[in-house]
Amino acid sequence: MSASPLTPLDYIAAGYWQDFLAGRPIAGGIAYETELRDSVLDESLSSLQRVDTLLSQIRRDLIKTGNWDEATLLTDERYRNLMMFLAFYAGQVLAQQWQNTPHWYGQFELRKRYPIWSLSTDDFYQHMAVLYSENNSANINANANINDSASLPIFFALEPIGLRLFGHVDRPFVAVQGGQVASGLYQAVSARLPVAGNDYVSTIITQDNKSNVAARMAPQVDLGSSSIESNSQTVGTSVDSLIEQNITVTPADDLNRAALNKNALNEATASQMIADPLANKDLSNEQQGEIKPELSKLEPALTQTKLATSVKTSPTPEVFSQLLIELDEIERPQTAGNAEYQQARKVLDQFEQHVAKQSKPRAQINFSENHLAAKKQALLKLQEAAHAGNTAAMLRLAMYELLGEGLVIDKNAGIEAGVEWVKQAASKDDSRAQRLLSKMYYQGVGVVQDINNGKYWLEQAAQNGHVEAASLVAQWQQAQALITTQKQEQHSIKRYQLLLAVVLVVAVLILIIV
């Protein structure tokens, strides 16, 4: 199939992105441009989470200032540019996942190609859509109706943006392609990701970076069936008979809304740190999107023998699931406490293996008393190893304290203890701790959000050999070099303009004198 001819929107989309990358102002201006750049638009799926968080913040800002009027904002070129830019960006990320070039259609092209759709002439959110997989479009069953929304790789990217900014009970959003409009760009794009063995599937698939944490762990006894015999008094002897009992799930309790901010400002659920901050529509506007997911590419991964056919969101926040992967993959010699750490890890890995299989938030998984007792013994072993100076134990213990599952009963005290363990490990030049601490500062997890501190610890992690951190620092330096070059070019242009003006003035004076 030959590529479709470029449309005016294709040129506009490319221009928006190139101007943004080069630090040039977009014609007409763009609202929240500084905040957009702070969101680190690295064309990854996880960057869409940061965009969703920013949209939630914009919504709160508009409500607080009394400017939350959809019709008025749509007449403001800066806000229209913002929404169009984000739509173009989301389409670019989605097409990249399909290894395709995004191809944008305006209302004219959409009406011509898909006349069955009832596009409203005055609906801003229907003005453009992206074809993100032309090859897939060509492979659609020949017997299928070309106007069958479910079979077309077309994405109306403005719809979830509009819903996130202006959606409420009295302002419903109806998707052009039918069904419910997704409550965020991350959720909407995830629903359209390619799946192994299929050209297109409309199920939401969200996997942790690299793979599910469970796949990283050594095979252990399954947590889901038979009975338990846990009469052992030590962690080492309790492992073999630890978790063989049925697990029941109870409704969410207060822990499901545990704050991960030192000042207890963030009331989002733990699972929503890696998922759509507005997926739970019961959250108030003040609760939505408080935690900012930070740099990490989420890659959809399925086994060849089993495809996901339903919504599955990891119950563990991405910042911690990534930590577990790094503790497993990045080696750091420990001078003390290694035996205690390995004993504790063997038990806790079984817990994490079971938790990773769940589609419920961590706080909703109810373990038996025997399980909890074994976990406490493992945490005490971790604490012993951490006090001995084992940085891996410090980080593992910090994770449980920050999740509200540690040894400290008081929630706020537990968060403070977790932060201190991370800082202590970071001070020992453990690159894993330094990377985690940078994420915590970037996102405001357990600490007051501080971009400068986040950048400092990111650079420290890079210097100590953390590959991801080094890559991010290099990208940031390249971006800074681009901005500096652009400023120098603009300064040179201004100098030439000033020189030309002086020459003209002198010429005029000479003419007058002569």
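Up top is the structure these notes are about.
Everything quoted here is computed from the prediction, not taken from an experiment.

### A short note on a nonpolar patch on the surface
Then step 1. A surface patch of nonpolar side chains, amounting to about 520 Å² of accessible area, comprises Val505, Val508, Leu509, Ile512 and Ile513.
Then step 2. Tracing the chain through its elements places isoleucine 512 in helix 19 (residues 467-513).

### A word on the packing of helix 13 (residues 338-356) against helix 15 (residues 391-402)
Then step 1. Packing of helix 13 against helix 15 leaves a shortest axis separation of 11 Å and a crossing angle of 35°. Considering how the two elements wind past one another, helix 13 and helix 15 form a crossing that is left-handed. Between helix 13 and helix 15, the contacting residues are Tyr341, Arg345, Leu348, Asp349 and Glu352 on the first element and Ala392, Ala393, Arg396, Met399 and Tyr400 on the second.
Then step 2. Partitioning the contact of helix 13 with helix 15 into residue classes produces six nonpolar, no polar and four charged.

### Concerning the sheet that holds strand 2 (residues 128-131)
Then step 1. On the basis of which strands lie adjacent, the open sheet formed by three strands has the order 1-2-3 and antiparallel pairing. At either end of the open sheet lies a strand with only one pairing partner, and these are strand 1 (103-106) and strand 3 (154-155).
Then step 2. Across two bridges, strand 2 lies against strand 3 in antiparallel orientation. If you follow leucine 131 over to strand 3, its bridge partner there is isoleucine 154.

### Remarks on the pattern of salt bridges
Charged atoms that come close allow side chains of opposite charge to pair.
Then step 1. Following the criterion strictly, the structure yields 14 salt bridges and no others.
Then step 2. Taking the shortest distance from any N to any O, the salt bridge between arginine 50 and aspartate 42 comes out at 3.2 Å.
Then step 3. As a salt-bridge pair, glutamate 352 and arginine 362 come within 2.9 Å of each other at their nearest N and O atoms. Remark: arginine 362 occurs in the loop between helix 13 and strand 5 (365-366) and glutamate 352 occurs in helix 13; sequence separation between them is 10 residues. As far as the burial class goes, glutamate 352 and arginine 362 line up, both buried.
Then step 4. Here the salt bridges do not stand alone but share partners, grouping Asp328, Arg345, Asp349 and Arg396 into one network.

### Some thoughts on helix 16 (residues 411-427)
Then step 1. With 17 residues, helix 16 should cover 24 Å at 1.5 Å per step; its first-to-last C-alpha distance of 24 Å lies within 8% of that length.
Then step 2. Those residues of helix 16 lying buried are Gly414, Ile415, Gly418, Val419, Trp421, Val422, Ala425 and Ala426. All buried residues of helix 16 fall inside an arc of 155° around its axis, so they share one side.
Then step 3. Contact partners of the buried residues in helix 16: helix 14 (369-387), helix 15, helix 17 (431-443) and helix 18 (451-463).
Then step 4. The N-cap of helix 16, judged by a side-chain oxygen 3.3 Å from the amide nitrogen of asparagine 412 a few residues on, is aspartate 410.
Then step 5. Of the residues one or two after helix 16, aspartate 429 is the one with positive phi, at around 65°.

Reading guide: rules and limits
Residues numbered from 1 in each chain as written. Predicted model: local features only at pLDDT ≥ 70, side-chain atom pairs only at ≥ 80, totals over all residues. Heavy atoms only, no water. Patch = residues over 30% accessible without salt bridge, like charges linked within 9 Å, V, L, I, M, F, W, Y side chains within 5 Å. Areas by Shrake-Rupley, 256 points an atom, 1.4 Å probe, with all protein chains shown as cover. Salt bridge = Lys/Arg side-chain N within 4 Å of Asp/Glu carboxyl O. Helix = DSSP H or I, 4+ residues; strand = E, 2+ residues; numbered from the N terminus. Axes fitted to C-alpha atoms, helices over the stretch in contact; angles between N-to-C directions. Left-handed = near helix turned anticlockwise from the far one by under 90°. Contact = heavy atoms within 4.5 Å. Nonpolar A, V, L, I, M, F, W, Y, C, P; charged D, E, K, R; others polar. Pairing = 2+ DSSP bridges. Buried < 20%, exposed > 50% of the residue type's maximum accessible area, 1.4 Å probe, protein only. Expected span 1.5 Å × (residues − 1). Arc of directions from axis to C-beta. Polar contact = N/O pair within 3.5 Å; in protein donor to acceptor, adjacent residues only side chain to side chain.

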